[in-house]
Amino acid sequence: MLLGLLLLVTVSLAQAHGFVTERAWVEDPTGQMTLAEAQRAPETPFANKYFTQGFSQSTFWLRLHIDPAAITKPLASNRLIIRIRPPIQDQIQLFDPLHKDDEARLTGDYFDWETDEYQSLNLNYVIPVGQAPRDVWLRLQTNQSTMTFVEVMTEDEVRAADRRQELGTMLYFAVLLICMGWGILSYINQPDRLVGIYIVREVLAIAYALVMLGYFRAFSSGWIPISWLDPISNNVVFIFVACVIWFDSQLIRLFKPNPWLLRATLSLIISLPVEWVLQLLGKPHWAIVLTTYVVLSAIILIFLMVLSTQAWRETQHAKPDEKPIFSKAFLVSVYAIVVSVVLLNRLPIMGLVTAQEGILYLNLLYALLSSLCMMVLVQVRAHRLSKRQQASQYRLEFAEQEAAQERMRRVEQSNFLKMLAHEMKTPLSVVRMAVGNVQVPERTNKMIDRAIADMDGVIERLLQVERLQDKQIALQVSRVDLMATVHSIISGCPQGDRIQVNGPAALWVDSDEHFSRIALSNLIDNAVKYSPSDSVAVLTLGQTRDTALLRIENDIDAIDAPDPDCVFDKYYRSERAHALTGSGLGLYLVKVLAEMLGGQVRCTLLGQRICFELMLPLATK
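1. Considerations on the overall build of the protein
Phase 1: The helix and strand tally for the protein stands at 16 helices and 17 strands.
Phase 2: Taken across its 621 residues, the protein has 49% of its residues classed as buried.
Phase 3: For the protein, the accessible area works out to roughly 30,800 Å², and carbon and sulfur atoms hold 60% of it.

The structure is reproduced here in structure tokens:
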């Protein structure tokens, strides 16, 4: 389909008669040369229908030698049409020896479409066939590229060629409108920033095509001042180029290109205000030249960006729906075609290579090809994003269900713990009272007291953890003497005589007295409970610049030493600890409470000793 559109738009399938037997051009650097001077000046012949001298600011005189004897079959009328493309040239003047009127015969972007001698999407002149060979001169003066395609055709040939051109352009605009319509529907169904930029790009692509194909000149006739026509056309081109650079950069950014290449490409958009300034200063020629070099630089940088993309390598082991939506080879192939099309169009425009048949509208083919490719790319991307969003929605719903079930389990667990605590506290109190009224050996009495205390401790820790998890705790921060709290805890500890305390007479911290006491109690109880009964645990208090430090060391069996990385995990207990009553929650409580109080706790192994360090903020004066 693309090839058919290209042929319909750019070439006439029915070749014109060979009315022009010679073509030559004369350069007029000053723009002041008269026809007589041009006729005497040295000529440079050009073989085909294309003339180009790049972006030269000179005026050029094109000589067409028309020979009626070259006609091989009868003509329907005595008129010929000089058909000139593209219709964006600023000013073309015709000099025909058979035209005796002194009025200047002018056409181009600076003149109203209604004044054309033969009205179509192109620039046209009507001339008689004549009886003898003659030279017809065209004076070309433009701020655009000088690349001009000149044909001399019969009226029937022009009408047929124009109908094919109009058919091709209608198909062309239909494809662009489909692309834009798809983008709009896609954006309405699922708003996406890249799709939004794509819609703007398609709107500008249509406006660009209207300018380049002559529709804007024809449609604006009579209601837009003719002096506005050229500036508006130029600005459409400037903005379209900037939008294409922006869109392609945002698309390729998804595939993680080299960041320096991305920045260099985006920096080219700065040319847009420069082009506006040049146009305001009355230098549209240099603004157009700048645009051409920006296009060449952008397409090269964009292709290098595509080659530098790393998304495929970084997601090599990712899930299928997390990988890029298409292969790197496909992306490189698309942009390789785009680069080829742009170079085939721009190099002749710049006069760097000879123009050939079929390249006049390659810039439009680029817009069409890139629109279709980008539609496919964005469509696939949108489909993939939709699938990912559906998967994310499913995972969210599943997570919400799990959270609801977890909340139900937590409620049941909380109710169970409250029931357990309530139901066991009373029996334990009764056991304690009963044992107190019975004469038993002192050793047995101590064992019973210790067992009851252990059971009380397990229940209390379970309740404390439950309150922490339910966020039922509110801190009451005040000045707390850490040394006094330590002595108070040790005095109530059954084996407090096994703890050696070192430190200052008082050490004040800003903390919650109740929760700091729980943390200290658990550390001291842990040191006494899990150390040999004939050993001494050393508790040292000190301070740094703004932190109070409590350090407690005790002996352990090196074979059954706990894992320092796991001791603060909920329910963790070493192998040796399973022989003793416990919940695995004491040190977990210490860690959580330390963080709540603005401190921290850590554990280290020192040979056959284990050390816990609790740090809390010092009291402010």
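Let us keep going from here.
2. Quick look at the pairing of strand β4 (residues 59–66)
Phase 1: Of all the 8 residues making up β4, 8 are buried; the element is thus mostly covered by neighbouring parts of the structure.
Phase 2: Judged by which residues are buried, β4 turns out to be covered on both faces: T59, W61, R63 and H65 on one side and F60, L62, L64 and I66 on the other are all buried.
Phase 3: Across 8 bridges, the pairing between strand β1 (residues 20–28) and β4 is antiparallel. Counterpart to R23 in the pairing with β4 is L64.
Phase 4: Bridge analysis of β4 against strand β9 (residues 134–141) gives 7 bridges, and the strand direction is antiparallel. Pairing of L64 across the sheet is with V136, part of β9.

3. Describing helix α16 (residues 586–596)
Phase 1: The buried fraction of α16 is high, at 8 of 11 residues.
Phase 2: Of the residues making up α16, those classed as buried are G586, L587, Y588, L589, V590, V592, L593 and A594.
Phase 3: Count one or two residues on from α16 and you reach G598, which has phi positive near 85 degrees.

4. Quick notes on unusual backbone geometry
Phase 1: A cis amide bond links R85 with the next residue in sequence, P86, at an omega value of 0 degrees.
Phase 2: Looking at the secondary structure, you find P86 in the loop between β5 (79–85) and β6 (91–95).

5. Structural notes on the packing of helix α9 (residues 284–308) against helix α11 (residues 328–349)
Phase 1: Packing of α9 against α11 leaves a shortest axis separation of 10 Å and a crossing angle of 165 degrees. Considering the angle they form, α9 stands roughly antiparallel to α11. Handedness of the crossing formed by α9 with α11: left-handed. Packed against α9, whose contacting residues are T292, V295, L296, I299, I302, F303, V306, L307 and S308, the element α11 presents K328, L331, V332, Y335, A336, V338, V339, V342, L343 and R346 at the interface.
Phase 2: Class assignment of the residues belonging to the contact of α9 with α11 gives a composition of 15 nonpolar, 2 polar and 2 charged.

6. Focus: the packing of aromatic side chains
Phase 1: For the coordinates displayed, the defined rule picks out 14 aromatic pairs.
Phase 2: Summarising the aromatic geometry, the rings of W61 and F95 are spaced 5.3 Å apart at their centres and angled 35 degrees between planes, so their arrangement reads as tilted. Taken together, the residues W61 in strand β4 and F95 in strand β6 connect sequence positions 34 residues apart.
Phase 3: We classify W61 as buried; its relative accessible area is 1%.
Phase 4: Taking 4.8 Å as the distance between ring centres and 20 degrees as the angle between the ring planes, the aromatic pair formed by Y208 and F240 counts as stacked. With Y208 in helix α4 (residues 193–212) and F240 in helix α6 (residues 226–253), this pair connects stretches of sequence that are 32 residues apart. This pair shows no difference in class: Y208 is buried, exactly as F240 is.
Phase 5: Among the aromatic residues, those joined into a ring-pair cluster are W25, F46, F51 and F60.

Analysis parameters
- Once a new chain begins, its residue numbering starts again from 1 and follows that chain's sequence as written.
- Side-chain atom pairs in this predicted model are given and counted only at pLDDT of 80 or more, local residue features only at pLDDT of at least 70, and totals for whole chains, interfaces and linings cover all residues.
- Remark: hydrogens and water are excluded; side-chain values derive from all non-hydrogen atoms of the structure.
- Helix and strand definitions follow DSSP, with helices as H or I runs of at least four residues and strands as E runs of at least two, each counted in order from the N terminus.
- Relative accessible area decides the class of each residue, using a 1.4 Å probe on protein chains only: under 20% of the type maximum gives buried, over 50% gives exposed, and in between gives partly exposed.
- Only the protein chains shown count as cover for residues, with accessible areas throughout obtained via the Shrake-Rupley method and a probe of 1.4 Å.
- Each pair of strands is called paired provided DSSP finds at least two bridges between the two strands.
- For helices, the fitted axis covers only the stretch in contact; all axes are lines through C-alpha atoms, and the angles between them, taken along N-to-C directions, range from 0 to 180 degrees.
- In this scheme, roughly parallel covers angles under 35 degrees and roughly antiparallel covers those over 145, while 65 to 115 is roughly perpendicular and the rest are oblique.
- Here is the rule for handedness: rotate from the far helix to the near one, and if that takes an anticlockwise turn smaller than a right angle the crossing is left-handed, while a clockwise turn gives right-handed.
- It only takes one pair of heavy atoms within 4.5 Å for two residues to be counted as in contact.
- Side-chain classes follow a simple rule in which Ala, Val, Leu, Ile, Met, Phe, Trp, Tyr, Cys and Pro form the nonpolar group, Asp, Glu, Lys and Arg form the charged group, and the remainder, Gly included, forms the polar group.
- Stacked, edge-to-face and tilted labels apply to pairs of Phe, Tyr and Trp rings (six-membered ring for Trp) whose centres lie within 6.5 Å, assigned for plane angles under 30 degrees, over 60, and everything in between, in that order.

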